[in-house]
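Secondary and tertiary structure notes
Below are the chains, spelled out letter by letter.
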Amino acid sequence: MFPSLRSRSDDTVCAYAETSAVIGAVVWLGVVVSRVADVHALGNVEAFLALAFLVVVPLCLRLVSTPRRDGTHSGWYRASVYLQPLAAALAVGSLFVAAGGTAFLLALPWLFLTLLVAGFGLWRLLPRGARPAEELLLEAGALYLPVGGFWFVASRASANPLGFDDVIVALTAIHFHYAGFVLPVLLGLTGRALVQRHAPSRLFAPAAYAVVVSPGLIGLGIAFSPFVELVAVALLAVSVVTVALLALLRVVPALDRPAGALVGISFVSIVAVVTLGFAYAYTSYGFTHVAEAERGLLDIPTMVRTHGTLAALGFGVAGAAGWWLASRGGAVRARVPAHGLPFSDLRARWKVGKNFFDRVGIAEETDATGMIDDLDAYDRDEDGTVRGFDADAVHPDVRDFYENTDTYEMVVVPEWERGFRLPVRLYGAVASRFENIHPATTETRIDGEVVGVDDDADGRGDVRAWTRWDASTGEGVLVGAYSSHVHDGVRYSAVAFPLPLSNFAGVLRFENTDGDGLLLTTYDGDGCPDEGNEAVYGDGGLYLVTPLVPVRLPLDERLSVRATDDKEGGDEHEREADVVVRHEMYVFGRRFVTLNYYAKREE
């Protein structure tokens, strides 16, 4: 069974979302009763839309709660939760008004709400990137929701985008609320539970990514091509059935009985939903051997009653309620670090250069002479999937290089991979203007110095700057402010390179090598693409830190550092150096440059 731990997100904001869903359920039942009494009765399509507005969306908002490390929520999330009841009430009111100007105005707040949810999705996505797959599903749902909001507004305005009939416009709105928003969210929670059960499957990630793209492809197919719709529905069907089987076999048995029953019902329902959806797309494509009578079995009214009921009640309501119960038992906690990684506030107006910290008035006197004060601060014990680190196992020369960086002079010899040499020269022409993160294209001698930095100006603690410049031209090459932070028992080294209106941040952790060298890496697990542990996610990464949000870039790096005890071997640079740093950089997992630094202690 899952451990009975309460989620960190059980706070006022989440309680508000839960209350909204409960009240919404009561209101929706009133809508259903009005149908029985035939008092301003809504049709099936409108009833399913109302269910989404009043119940399923607030429940799913509760489930995607993403508090920062200090327990606070983003403004996007708070606004989405607090405005949802009002937007939902107006949206449901628009369903009782004839399509036109008044209904359009009542529906507009719902479109605005869906845009807020999408903003929250971007706030979640950008600092982390597209991994792991279960988290991407949650964000994909948030980003798809405004598409449903747009089609809902179009429906209430009696508009016919792309020439669609009124019923198709309304059905498209339903599609993107349930298949676009609810489906990815609930499947993402399933992925979280699989990981927490230590029962991940290689099938989950491909299925998850297929679910991410399928709703959009189905929408395109509805608009332009029955064949595209058929292929997209088939892809969605296979992916959803795959996740459903994994859930029914590995997750549902581990949940508490009420949660397990509801989640089990939801996955049985979604299998039926995608089966009907594929059958409808198949008959709509119009294969010649499909008899007209068989096509008539799955007309739109029939699909609304069967497909709609299973999707809205069987999957949407049962699934969201089941995962809500499971979340209260701790079964859907994320494996990724919480948002709120401490980044530097440093930015440049334009030029950085070697005298940046003096020029902006934040340089301070300091006793520090290295990137770090003491390598012992990075010691850690092995803990599960996180390897330990022992500073005493590192060669004294390597340790001295990090603790007394100011006493070393360096030569860098770059090795650019094919296909990247021209782009780096073009980028270098720009980097030479603002004089930072200026990659070497030829062998270059580098001078540098370590100075103190005002912690208040940087926004972090114990900050020092290591400024490096081309010894022959004096142009800034790497101008960075160094600090560190601890998360989940791991101390990370964090450097910020000021850029125009932003900064480029690297967050790395120390690892021991087989010898007495040192490895700094942004990679999770063991530290490189071929050795990385897919189940481990830490703070490591390369980020573009903007005033609005940090963006996790598709870049990674490894720095292998070793001492050169054998002065007889190697090339001329290595024989003269005390420490050699092999700095490899990757984009989308492909190495594009290796920078070989040869550091010699000054006499």
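Now for a description of the structure that goes with this document.

Conventions we followed
Residues numbered from 1 in each chain as written. Predicted model: local features only at pLDDT ≥ 70, side-chain atom pairs only at ≥ 80, totals over all residues. Heavy atoms only, no water. Helix = DSSP H or I, 4+ residues; strand = E, 2+ residues; numbered from the N terminus. Buried < 20%, exposed > 50% of the residue type's maximum accessible area, 1.4 Å probe, protein only. Areas by Shrake-Rupley, 256 points an atom, 1.4 Å probe, with all protein chains shown as cover. Expected span 1.5 Å × (residues − 1). Bend = angle between axes of the 7 residues up to and from the residue. Pairing = 2+ DSSP bridges. Salt bridge = Lys/Arg side-chain N within 4 Å of Asp/Glu carboxyl O. Phe/Tyr/Trp six-rings, centres within 6.5 Å; stacked < 30°, edge-to-face > 60°. Lys NZ or Arg CZ within 6 Å of the ring centre and 35° of its normal. Core = buried A, V, L, I, M, F, W, Y, C linked by side-chain atoms within 4.5 Å. Contact = heavy atoms within 4.5 Å. Polar contact = N/O pair within 3.5 Å; in protein donor to acceptor, adjacent residues only side chain to side chain. Axes fitted to C-alpha atoms, helices over the stretch in contact; angles between N-to-C directions. Parallel < 35°, antiparallel > 145°, perpendicular 65-115°, else oblique. Left-handed = near helix turned anticlockwise from the far one by under 90°. Nonpolar A, V, L, I, M, F, W, Y, C, P; charged D, E, K, R; others polar.

Within the chain one finds 16 helices and 13 strands. Within the chain, the fraction of its 603 residues that count as buried is 54%. Surface summary for the chain: the accessible area is close to 25,800 Å², and the carbon and sulfur share equals 59%.

Bringing helix H2 (residues 44-63) into the picture now. Over its 20 residues, H2 runs 27 Å from end to end, which matches the ideal 28 Å to within 8%, given 1.5 Å per residue. The largest bend along H2 reaches roughly 45 degrees and is located at Ala52. With respect to burial, H2 is a largely interior element, 18 of its 20 residues being buried.

Of all the seven residues making up strand S4 (residues 464-470), seven are buried; the element is thus mostly covered by neighbouring parts of the structure. The side-chain alternation of S4 yields two buried faces, one formed by Arg464, Trp466, Arg468 and Asp470 and the other by Ala465, Thr467 and Trp469. Bridging between strand S3 (residues 444-453) and S4 involves seven bridges; their strand directions are antiparallel. Its bridge partner lying in S4, Gly448 is registered against Arg468. The pairing of S4 with strand S5 (residues 476-487) spans six bridges and is classified as antiparallel.

Our focus in this paragraph is the pattern of salt bridges. Per the stated rule, a full pass over the model turns up 26 salt bridges. Taking the shortest distance from any N to any O, the salt bridge between Glu139 and Arg128 comes out at 2.5 Å. Within this pair, whereas Glu139 is found in helix H5 (residues 133-156), its partner Arg128 is found in the loop between helix H4 (101-125) and H5, the two being separated by eleven residues in sequence. Each member of the pair Glu139 and Arg128 is classed as buried. The salt bridge partner of Asp392 is Arg399, with a shortest N-O separation of 3.8 Å. Through salt bridges with shared partners, one network takes in Arg124, Arg128, Glu135, Glu139 and Arg192.

A complete count under the given rule lists 21 aromatic pairs for this structure. Centre to centre, the rings of Tyr378 and Phe510 are 4.5 Å apart; their planes meet at 65 degrees, and the pair counts as edge-to-face. Here Tyr378 is found in the loop between strand S1 (363-364) and helix H13 (396-403), whereas its partner Phe510 is found in strand S7 (residues 502-512), with 132 residues between them in sequence. With respect to burial, Tyr378 and Phe510 carry one shared label: buried. Summarising the aromatic geometry, the rings of Tyr402 and Phe510 are spaced 5.9 Å apart at their centres and angled 80 degrees between planes, so their arrangement reads as edge-to-face. Separated by 108 residues along the polypeptide, Tyr402 in helix H13 and Phe510 in strand S7 bring together distant segments of the chain. What links up through ring pairs into an aromatic cluster is the set Tyr378, Phe389, Phe401, Tyr402, Tyr408, Trp466, Tyr482 and Phe510. The ring centre of Tyr543 lies 5.8 Å from the NZ or CZ of Arg552, which sits over that ring.

For H5, which comprises 24 residues, the first-to-last C-alpha distance of 35 Å matches the rise-based estimate of 34 Å (1.5 Å per residue) to within 8%. Looking one or two residues past H5, Ser158 carries a phi angle of roughly 60 degrees, positive in sign.

Glancing now at the nonpolar core. Ranked by size, the top nonpolar core spans 98 residues in total, and within it Phe53, Trp110, Phe152, Leu186, Phe267 and Trp323 carry the most contacts. Among the elements that line this core, the one with the most residues is H2, at 16 residues. Setting aside chain neighbours within four positions, we find Phe53 in contact with Pro58, Gln84, Ala88, Ala91, Val92, Leu95, Trp110, Phe152 and His177. Within the second largest apolar cluster, 48 residues are counted, among which are Ala431, Ile446, Phe510 and Ala563.

What follows is about the environment of Arg468. If you trace the backbone, Arg468 turns up in strand S4. Under the relative-accessibility criterion, Arg468 is labelled buried at 7%. C-alpha of Arg468 to C-alpha of Gly480: the two residues are twelve residues apart in sequence and 8.5 Å apart in space. Here Tyr482 takes part through its side chain, which lies 2.7 Å from a polar atom of the side chain of Arg468.

We now examine the packing of H2 against helix H6 (residues 166-196). In contact at an axis separation of 10 Å, H2 and H6 are set at 30 degrees when each is read in the N-to-C sense. Between H2 and H6, the angle falls in the class roughly parallel. H2 and H6 meet at a crossing whose hand is left-handed. Within the contact between the two elements, H2 uses Val45, Phe48, Leu49, Leu51, Ala52, Phe53, Val56, Val57, Cys60 and Leu63 and H6 uses Ala170, Leu171, Ala173, Ile174, His177, Tyr178, Phe181, Val182, Val185, Leu186, Leu189 and Arg192. Tallied by class, the residues present in the contact of H2 with H6 amount to 20 nonpolar, one polar and one charged.

This part covers the packing of H5 against H6. For the pair H5 and H6, the least separation of the axes is 7 Å and the interaxial angle reads 165 degrees. One element, H5, and the other, H6, form an angle in the roughly antiparallel class. The element H5 and its partner H6 pack so that their crossing is left-handed. Among the residues making up the contact of H5 with H6, the classes are represented as 20 nonpolar, nine polar and three charged.

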